[in-house]
Amino acid sequence: MPANVLTIPAGAPFAETLTRGLIARYGTDDPLALAGATIYLPTQRAIRTLAEIFAKELGGAALLPDLRALGDADDDDILLALPEHELALRPAITPMRQQLLLATLVKKWKTATGSGTLSFAQAANLARGLAGFLADIERQNADLAKLDDLAPADLAAHWAEVHKFLCIVRDSWPAILEEEGTVNPTAHRNAALARLAERFTAQPPQGPVIAAGSTGSIPATAKLLGVIANLPGGAVILPGLDRELDEKSWAALDAGHPQFGMKQLLSELGVARKDVIDWAQPLPQTRARVNLLREILRPAPTTDAWRAIAKRGGADVTDGLKGLSLIEAAGPGEEAAAIALILREALEKKDQTAALITPDRNLARRVSVDMARWGLAIDDSAGRPLAKTPPGAFLCLLAEAADAQFAPVHLLALLKHPLASGGEDTPTFRRHVRELDRCVLRGARPDPGFAGIATAMKRARDDAQKYNKRLVAILDDLKPWLDNLAALLKPLEALFAKRGASIDELLQTHVAVAEALAATDDIPGAARLWAGDAGEAAANLVANLGTACEGIADIEPGSYPPLFRSFAESTAVRMVRGSHPRLAILGLQEARLQSFDVIVLGGLNEGTWPSAASTDPWLSRPMRETLGLEPPERAIGLSAHDFATLAAGPNVILTRARKAEGSPTIASRWLQRLEQFTRGLGFDENDLNPPQDYMAIANALSEPERAGERIARPAPTPPVEARPTSLSVTEIETWQRDPYAIYAKHVLGLRPLDALDLDIGPLERGNAIHVALENFIRETKDSFPDDAQSRLIAHGEKAFKEAGVPKAAMALWWPRFLNAAHWFVAGERERRANIRQSFVEISGSASFPAPNGEFSLRCKADRIDILLSGGAAIVDYKTGAVPAAKQVRVMLSPQLPLEGAILAKGGFKEIGTIDAAEMLYIGVKGDAQPGKIVHFGDETTELVAKAEEKLRTYIDAFANIKQPYWPRVIPFRKDFAGDYDHLARVREWSFTGWEGDEE
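For clarity, every value in this text was computed on a predicted model and none was experimentally measured.

**Q** With reference to specific residues and values, describe the overall build of the protein.
**A** Regarding its fold elements, the protein presents 38 helices and 22 strands. Considered along the principal axes of its C-alpha atoms, the protein spans approximately 120 × 70 × 65 Å. For the protein, the proportion of its 999 residues judged to be buried stands at 50%. Expressed as a percentage of contacts within the protein between residues at least 6 apart in sequence, the contacts between residues at least 24 apart total 77%. Approximately 46200 Å² of the protein is accessible, and the part contributed by carbon and sulfur atoms is 52%. Each charge class in the protein can be summarised by its mean position, and for the 112 positive and 129 negative side chains these summaries are 3 Å apart.

Right under this line is the structure:
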């Protein structure tokens, strides 16, 4: 039994304890004493930490031991321990090359089975999971020969298909690796570790060899640890082995317990737990915390031991809770703000260090951003995905814009990126992009490509020629710029128009166009695109992908953007310099062996920490067991070990968010255990309160200086000469309901922009129906034919076709139009008996006296019928909601009465002066109620007079400089947002956000 298996207990600072023990054991009298030792550590970060501690402890007066990474090792680092003639291992295939080759294999298999085809991007996604499966197989020394026993006849046909696919991988992939002259990365590491173990066995090193901090979760690593433990100068130092857990609980450990991995490793080493000795004595100040965590994490079958603790009272638990606190925030943003405060507070104490440790990278990024409030950069060990850095996002946007044929949303996202300059000075380029956005791309999507954008620009210029000479000048200036931009992006546009292209061709064209688009008038694009840490990572990704894609068959160009983005998402960009030396943000693996004065364990929710037990897309649990693979819960056990080790520190703050993305979260199982255990002993949530109310402080920082005070309701009073003296009849309703909208539109000259990529919707449907009805009335105004319904349907077909209504919308709209047409023709046939002449889409205007001159009221009536019985009928078609009669009578919808006032003044030149005898709203919907008529007969004259009187009142009122343009005086609905409500800051001055009740 070797006596050289030791442990550094939880709660002790691992790296410092290890360093001091090494110095004490090997002494400092001889400067070369430590140099003869070789120390294997789990991570590269642990190596850096240990080197810094050695330098601090020794004052730089001695040579350091040979420090090497083992657990997440860079394989080349391991192989440096071997003589040159023993390095004859095949190189490992790069993960990128492995994924591309596996994707090719998946695609061929899918085609060969005749069950459809996959795009290369879809195949690459499957290949990523397949690579992970192969890594698991090799990491755990599973036997793929047992695949034939996985899918007996009584299992679902799905598993039979999976079995066939995995057999192809088993049989075909080795041949591909042989042709490549490589091996899988995991197999390469296993071989390197095995070779190192053989070397140590055959020729034991002369100096000390120590493996410290490894849990031996990889079988090949565990075997090497066994060899090291039996070397004459060897030692294995385990992290946080619980030597005091009772034997009953030790025997009952399951895969999710933090000590399960230790138990497995000791079994592999052939060492009993009682024979493991302490590298250093446990710290008295953390003993109570370690005892508390042992009880909280106790295996479920032995939790009856809690009764004995309850009988003894809670004194030990009270000591264990000292320095341990819990923050439960409302959401991730509040959690991040509180954590940032904790880290910032640590800097107020001399030499105090602090770290956030979490597997939640979104939380890590939030905290990193919040720290910028105080001008602090913080080192996040996981870095940022390249796709979320400026150069990575720019490259992804360019590829996706080309795939979308430069549709407006994708094109503008690309052109508004900070790196886009198109070879000219950036401010000029930005101005042109804004003009393209505002003047050309708004509204319905243009035809694909730059040809479609050029057509849209020509159409916009032709329209502007009639009414806006300034816009014509803008578009004329914009055209050569757009031509230059189209020429710059044309190589990529042409390549994506092909049915197939090689990844290398796509990549080279992609990079060339990106550099051209990133160039300014005085800085080459390459100098901007590849600058800094992120630019260097992007350049490495491009170089690696160019090497990895050699010999890969042509792919459909549409698969290139998601493929490139997936690689950019999985490429981490780490801060090389500039981070604060006393603060850190770490992932679980990077945090191993680290120690800090203040530790925040963040994101403690189920599904995050611990992460959900992964579902194997290939195998069921029984199948994994048949192959000899570990259960998915094994990863939870490793996370539990990290939690137990880190939570044993002297000053630990646990945090979680009660909600994430609008949904309630479930506290981590370890927090649930903590609550159950402490509540059972009479403790409450106040016993876990942090020393400061960080949540309250964070909320106070986010509050405005005068929190709770409402701003005053806007009441602009522009000069009388700036106020509008001409409005349309439809704007009169807006004038009454929301005067501020009239102010914004006519005084400030603001117009709402159409959205990008507008879908065909109610507006287009209404316009098409109006056109169909107009043409039908024009055609039949002299006589009403027997085939009137078929004629209206024919006009409808033409109108919908010219509107470009897609088939999906027509499938819904056309049956409703047919229903409405039948109803409309029947009603029209009856009305024609009293109609002498009809006028459609007729414009009119009339002047009304105003204190400062005249006020012009204008309109375009859908239809005016001259009646045989005398007078005229004013008709307005509605394809949406029809105004209620009450709204017309109280003058909230005064459109028809005001058109009657214009008619009475002879404002329709084609008709002359005539009084309105009728007013009708004709609703044309075509649903369960095909149509609706709101009719005003005898009261028409009264309503026209009332509308004119109210109009004069408004004209006089707003001719007064003291009359403000209030927002939302009588809103359409309390939940209705007008075009200018954001400008009026409605949500800031009204209690509910919208004032007024629904009519």
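**Q** Tell me about the pattern of salt bridges, and please be specific about residues and values.
**A** Enumeration over the complete set of coordinates arrives at 50 salt bridges. Where Asp 136 meets Arg 139, a salt bridge forms, and the shortest distance between an N and an O atom there is 2.7 Å. Residue Asp 136 and its partner Arg 139 are both found in helix 5 (residues 120-139); the two are separated by three residues, about one turn of the helix. Taking relative accessible area as the criterion, Arg 139 reaches 24% and is therefore assigned partly exposed. Arg 431 is the salt-bridge partner of Asp 477, the closest N and O atoms lying 3.8 Å from each other. Of this pair, Asp 477 sits in helix 20 (residues 469-496) while Arg 431 is found in helix 18 (residues 426-441), placing the two residues 46 residues apart along the sequence. Look at Arg 431 and you get partly exposed, because its relative accessible area is 35%. Taken together, the shared-partner salt bridges connect Glu 828, Arg 831, Arg 832, Arg 863 and Asp 865 into one network.

**Q** Could you give me a rundown of unusual backbone geometry, with the residues and numbers involved?
**A** The omega torsion of the bond from Trp 609 to Pro 610 falls at 5°, within 30 degrees of zero and hence cis. Of note, Pro 610 is situated in the loop between strand 13 (598-601) and helix 26 (621-627). At Met 891, a position not held by glycine, the phi torsion is positive, near 70°. With respect to the helices and strands, the residue Met 891 is situated in the loop between helix 35 (885-889) and helix 36 (895-904). Residue classification places Met 891 among the buried positions, given a relative accessible area of 2%. One non-glycine residue, Arg 968, lies in positive phi territory at about 50°.

**Q** Account for the packing of aromatic side chains, naming residues and giving values.
**A** Working definition: an aromatic ring pair is given by the centre-to-centre distance plus the angle between the planes. This structure, assessed with the given rule, holds 21 aromatic pairs. Ring geometry for Phe 824 and Tyr 877: centres 6.1 Å apart, planes at 70°, overall edge-to-face. Remark: Tyr 877 occurs in strand 20 (residues 872-878) and Phe 824 occurs in helix 34 (residues 807-831); sequence separation between them is 53 residues. For Phe 824, a relative accessible area of 4% translates into the label buried.

**Q** Outline helix 18, listing residues and values.
**A** Listing the buried residues of helix 18 in full gives Phe 429, Arg 430, His 432, Val 433, Glu 435, Leu 436, Asp 437, Cys 439, Val 440 and Leu 441. Residues of helix 18 that are buried sit in contact with helix 17 (408-415), helix 19 (449-467), helix 20 and helix 21 (503-518). Note on helix 18: the residue one or two positions beyond its end, Gly 443, has a positive phi of about 95°.

**Q** Break down the sheet that holds strand 12 (residues 583-586) for me, citing the residues and quoting the values.
**A** Overall, parallel pairing links the six strands, which are arranged 7-14-13-8-12-9 in an open sheet. The open sheet has two edge strands with one neighbour each: strand 7 (324-329) and strand 9 (379-380). Where strand 7 and strand 14 (residues 652-657) come together, six bridges link them in parallel fashion. From the neighbouring strand, Ser 325 faces strand 14, where its bridge partner is Ile 653. Along the sheet, helix 27 (residues 634-646) contacts strand 8 (354-357), strand 13 and strand 14; its crossing angle with strand 13, the most-contacted strand, is approximately 150°.

**Q** A description of a nonpolar patch on the surface should follow, citing residues and the corresponding values.
**A** Nonpolar side chains collect at one region of the surface, where Leu 748, Leu 750 and Leu 983 lie side by side and expose about 220 Å² of accessible area between them. Within the element layout of this structure, Leu 748 appears in the loop between helix 31 (739-747) and helix 32 (762-780).

**Q** Describe the nonpolar core, and please don't skip the residues or the numbers.
**A** General note: in soluble globular proteins, nonpolar side chains tend to be found buried as a group. Ranked by size, the top nonpolar core spans 104 residues in total, and within it Leu 100, Phe 133, Leu 415, Leu 436, Val 440, Leu 489 and Leu 517 carry the most contacts. At 14 residues, the largest contribution of residues to this core is made by helix 20. Of all hydrophobic cores here, the second largest spans 50 residues; its members include Met 891, Phe 958, Tyr 965 and Tyr 980.

**Q** I'd like a description of the sheet that holds strand 6 (residues 277-278), backed by residues and values.
**A** On the basis of which strands lie adjacent, the open sheet formed by six strands has the order 3-2-4-5-1-6 and parallel pairing. Pairing within the sheet leaves two strands with one partner each, and these edge strands are strand 3 (66-69) and strand 6. Alignment of strand 1 (residues 5-8) against strand 6, held across two bridges, turns out to be parallel. Directly across from Leu 6, in strand 6, lies its bridge partner Ile 277. Its contacts with the sheet put helix 10 (residues 260-269) on strand 1 and strand 5 (234-239), and the angle it makes with strand 5 is roughly 165°.

**Q** I'd like a rundown of helix 24 (residues 560-569), residues and numbers included.
**A** Burial runs high along helix 24: seven of the ten residues are buried. Those residues of helix 24 lying buried are Tyr 560, Pro 561, Leu 563, Phe 564, Ser 566, Phe 567 and Ala 568.

**Q** So what's going on with the pairing of strand 2 (residues 38-41)? Which residues, and what values?
**A** Of the two faces of strand 2, the one carrying Thr 38 and Tyr 40 and the one carrying Ile 39 and Leu 41 are both buried. Bridging between strand 2 and strand 3 involves four bridges; their strand directions are parallel. Counted as the bridge partner of Tyr 40 is Arg 68 from strand 3. As paired strands, strand 2 and strand 4 (residues 209-212) are joined by three bridges and run parallel to one another. In the strand pairing of strand 4, Thr 38 is matched with Val 209.

**Q** Give a description of the packing of helix 18 against helix 19 that names residues and reports values.
**A** Contact geometry of helix 18 with helix 19 gives a least axis separation of 9 Å together with a crossing angle of 70°. Put simply, helix 18 runs roughly perpendicular to helix 19. Residues Leu 436, Cys 439, Val 440 and Leu 441 of helix 18 form the contact with helix 19, whose participating residues are Ile 453, Ala 456, Met 457 and Ala 460. Looking at side-chain class alone, the contact of helix 18 with helix 19 contains eight nonpolar, no polar and no charged residues.

**Q** I'd like a description of the environment of Ala 644, backed by residues and values.
**A** With respect to the helices and strands, Ala 644 occurs in helix 27. Taking the relative accessible area as the measure of exposure, Ala 644 reaches 15% and is therefore buried. Residues Ala 644 and Ala 10, spaced 634 residues apart in sequence, show a C-alpha to C-alpha distance of 7.7 Å. With sequence-adjacent residues up to four places away left out, Ala 644 is seen in contact with Pro 258, Leu 293 and Leu 297.

**Q** Describe in detail the state of the cysteines, supporting the description with residues and values.
**A** Under the defined criterion, the tally for this structure stands at zero disulfides. Here Cys 549 is not disulfide-linked; the sulfur of Cys 396 is the nearest cysteine sulfur, at 16 Å. Its relative accessible area of 5% is what places Cys 549 among the buried residues.

**Q** Give a detailed account of the confidence of the model for the protein, specifying residues and quantitative values.
**A** For the protein, per-residue confidence averages 88 on the pLDDT scale, and 93% of positions sit at 70 or higher. Across residues 993-999, where pLDDT falls below 50, the model places 26 contacts with residues more than four positions away in sequence or in other chains.

**Q** Now, about the environment of Asp 981: what can you tell me, with residues and values included?
**A** Mapped onto the elements, Asp 981 comes out in the loop between helix 37 (940-958) and helix 38 (986-989). Assessed through its relative accessible area of 4%, Asp 981 is described here as buried. Spatially, the C-alpha atoms of Asp 981 and His 432 are 29 Å apart, while their sequence positions differ by 549 residues.

Cut-offs and rules
Residues numbered from 1 in each chain as written. Predicted model: local features only at pLDDT ≥ 70, side-chain atom pairs only at ≥ 80, totals over all residues. Heavy atoms only, no water. Helix = DSSP H or I, 4+ residues; strand = E, 2+ residues; numbered from the N terminus. Buried < 20%, exposed > 50% of the residue type's maximum accessible area, 1.4 Å probe, protein only. Contact = heavy atoms within 4.5 Å. Areas by Shrake-Rupley, 256 points an atom, 1.4 Å probe, with all protein chains shown as cover. Lys, Arg positive; Asp, Glu negative; His and termini not counted. Charge placed at Lys NZ, Arg CZ, Asp CG, Glu CD. Salt bridge = Lys/Arg side-chain N within 4 Å of Asp/Glu carboxyl O. Phe/Tyr/Trp six-rings, centres within 6.5 Å; stacked < 30°, edge-to-face > 60°. Pairing = 2+ DSSP bridges. Axes fitted to C-alpha atoms, helices over the stretch in contact; angles between N-to-C directions. Patch = residues over 30% accessible without salt bridge, like charges linked within 9 Å, V, L, I, M, F, W, Y side chains within 5 Å. Core = buried A, V, L, I, M, F, W, Y, C linked by side-chain atoms within 4.5 Å. Parallel < 35°, antiparallel > 145°, perpendicular 65-115°, else oblique. Nonpolar A, V, L, I, M, F, W, Y, C, P; charged D, E, K, R; others polar. Disulfide = S-S within 2.5 Å. pLDDT = per-residue confidence, 0-100.

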